[in-house]
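# Architecture and fold: a report
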Amino acid sequence: MKIEIDQDKCVGAGQCVFAAMDVFDQRDSDGIAVLLTDEPTEEHWEGVREAAAVCPAAAITLHEN
Amino acid sequence: MTETPTYPMPRGRCPFDPPPALARIQENQAVTRVRIWDGSTPWVVSGYDNARAVLADPRVSADSLLPGYPSPSAGVAAGRQKSRSFINMDDPEHAAQRRMLTPSFMVKKMEALRPRIQEIVDGLIDDMLAGPKPADLVQAFALPVPSLVICELLGVSYEDHDYFQDVSRKLISRDTTAEELAPLMDDFLAFLGKHVDSKADNPGDDLISSLVVDQMSSGALTRDEIVHMARLLLVAGHETTANMIALGTLALLEHPDQLAALRDTDDPKLVAGAVEELLRYLTITHSGRRRVALEDIEVGGRTIRAGEGIIVASDIANRDATASPEPDSLDITRKARHHLAFGYGVHQCLGQPLARVELQVVYSTLYRRIPTLALAEPLDQVKFKHDMLVYGVHELAVTW
């Protein structure tokens, strides 16, 4: 799994951090989402899929094989 | 031709369910015209997918000053002439202001507040247990918890809580007229203006001070823009969570199996899931998300023309079986994270990380500390907020 975030779209609602705290974080300056890793290990996939599904700005794209 | 139904619609027998007439509209995932208080006929959007599509559409505006925007009441319409915050602006103006606030509501910052919120919750429960019973859970607990927290965050004195809670109540009452609202809003803006001015002279470690220091000094925000932001944050910061605490408690008392499961768990994930399910099930923002089309858009097989008003009925969308199986049952173990209780799109609630921590602390503490908590009046005597733009209970007599 590979993750991309469109930071221009991100609205800083924090939904992704709430879904997968080990994968997503928020930038201190403006609360915009950042990736702690763009290739998470399998135990995080469920949370990452939830993050992508609930992101209010549809700013998270997942590439899954 | 059938008559255009009036909106909002009355609730039916179950006080937790959205209006039956709205449920019938959703049976066909319909987008249909309704008549509102001013005689205008905006579209009401039902269906989970329809709701998300409209709220994510950049051709749809949240600007309450545009012609065709369906204000929820005469009072609110008048209020927004005097005080419009970024939630009623579009991008890029909206995004610029929102991004000044997002750092203050980040998940990690709100998580850092958890011990302090726990302390507030425990202290209020101690006080309630030491006082007379029955007690009104709204005044003794549901209102003070988020009010104390937002006051500390903003740097507003909690001693003024009677004043700002009363003003907030009037601001979101459907019955407040434009004439009543004007002096109320002027007074409230003056009250907040004094806070902003005092922070300019003597900044503290709080959100209003940081806006004054970081944004006003650089010219990014005017004093009045900070006052309007403070108005939004203070009202939204206590009224919504307070309703979720009191109405959520009532819903759990009426679903004893769910209450028992929540009370008996040590699993923070189950508690977090229960918060999401209660947000979905109750959707206290029962006045819908108000928008106006900037261009013609297609939704639910209808064409909404540019300039026409839209009410996205998120309360009924959260009861859509296509998105939430058996939508009318309260099940704290279900996956409910996709709910629209905080809205959707670029305007989705900025304060949701705070609301989540507050509700997680409350729901994991209150029923454990008071395992015998019970309603002290029959359900049909409870005064529900049918008259308010945000749903809940006016009072809740409880005993233990």
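Structure: above.
In this text, all values refer to a predicted model and were calculated from it rather than measured experimentally.

Rules used throughout
Residues numbered from 1 in each chain as written. Chains lettered and ligands numbered in written order. Predicted model: local features only at pLDDT ≥ 70, side-chain atom pairs only at ≥ 80, totals over all residues. Heavy atoms only, no water. Helix = DSSP H or I, 4+ residues; strand = E, 2+ residues; numbered from the N terminus. Rg over C-alpha atoms; globule rule 2.2 N^0.38 Å. Buried < 20%, exposed > 50% of the residue type's maximum accessible area, 1.4 Å probe, protein only. Contact = heavy atoms within 4.5 Å. Areas by Shrake-Rupley, 256 points an atom, 1.4 Å probe, with all protein chains shown as cover. Lys, Arg positive; Asp, Glu negative; His and termini not counted. Charge placed at Lys NZ, Arg CZ, Asp CG, Glu CD. Buried area = accessible area lost by both parts, 1.4 Å probe. Salt bridge = Lys/Arg side-chain N within 4 Å of Asp/Glu carboxyl O. Polar contact = N/O pair within 3.5 Å; in protein donor to acceptor, adjacent residues only side chain to side chain. Pairing = 2+ DSSP bridges.

When you go through chain B residue by residue, the secondary structure sums to 16 helices and 10 strands. Over its C-alpha trace chain B gives a radius of gyration of 21 Å, about what one expects of a compact globule, namely 21 Å for 400 residues. Considering only C-alpha atoms, chain B reaches an extent of 60 × 55 × 40 Å along its principal axes. Counting every position in chain B, which comprises 400 residues, the buried fraction comes to 57%. At a minimum sequence separation of 6, the contacts of chain B that also span at least 24 residues come to 72%. Accessible surface for chain B amounts to roughly 16000 Å². Of this, 52% is attributable to carbon and sulfur atoms. Side chains of chain B give 41 positive and 55 negative charges; the mean places of these two sets differ by 3 Å.

Moving on: the side chain of Thr 285 of chain B. Summarising the element assignment, Thr 285 of chain B is placed in the loop between helix H14 (268-282) and strand S5 (289-293). Residue contacts for Thr 285 of chain B: discarding those within four places in its chain leaves Ser 314 and Ala 341 of chain B.

All right, on to the interface of chain B and chain A then. Between chain B and chain A, the contact holds 23 residues from the first and 26 residues from the second. Buried surface at the junction of chain B and chain A, summed over both partners, amounts to about 1900 Å²; 48% is from carbon and sulfur atoms. Ranking the residues of chain B by area buried against chain A places Arg 99, Val 107 and Arg 337 of chain B at the top, with a combined share of 34%. Between chain B and chain A we count five salt bridges in total. Arg 99 of chain B is the salt-bridge partner of Asp 30 of chain A, the closest N and O atoms lying 4.0 Å from each other. Where chain B packs against chain A, one counts 17 residue pairs in polar contact (both at pLDDT 80 or more). Put simply, the parts of the chain that give the side of chain B that touches chain A at least two residues each are helix H4 (93-101), helix H5 (107-112), H14 and helix H16 (352-369) of chain B.

Before going further, it helps to examine the sheet that holds strand S4 (residues 135-136) of chain B. Residue and element names in this part refer to chain B. Strand order across the open sheet formed by three strands is S4-S10-S9, with antiparallel pairing between neighbours. The open sheet is flanked by S4 and strand S9 (374-375), the only strands paired with a single partner. The sheet contact formed by S4 and strand S10 (residues 397-399) spans two bridges and is antiparallel. Its bridge partner being in S10, Asp 136 is matched across the sheet by Ala 397.

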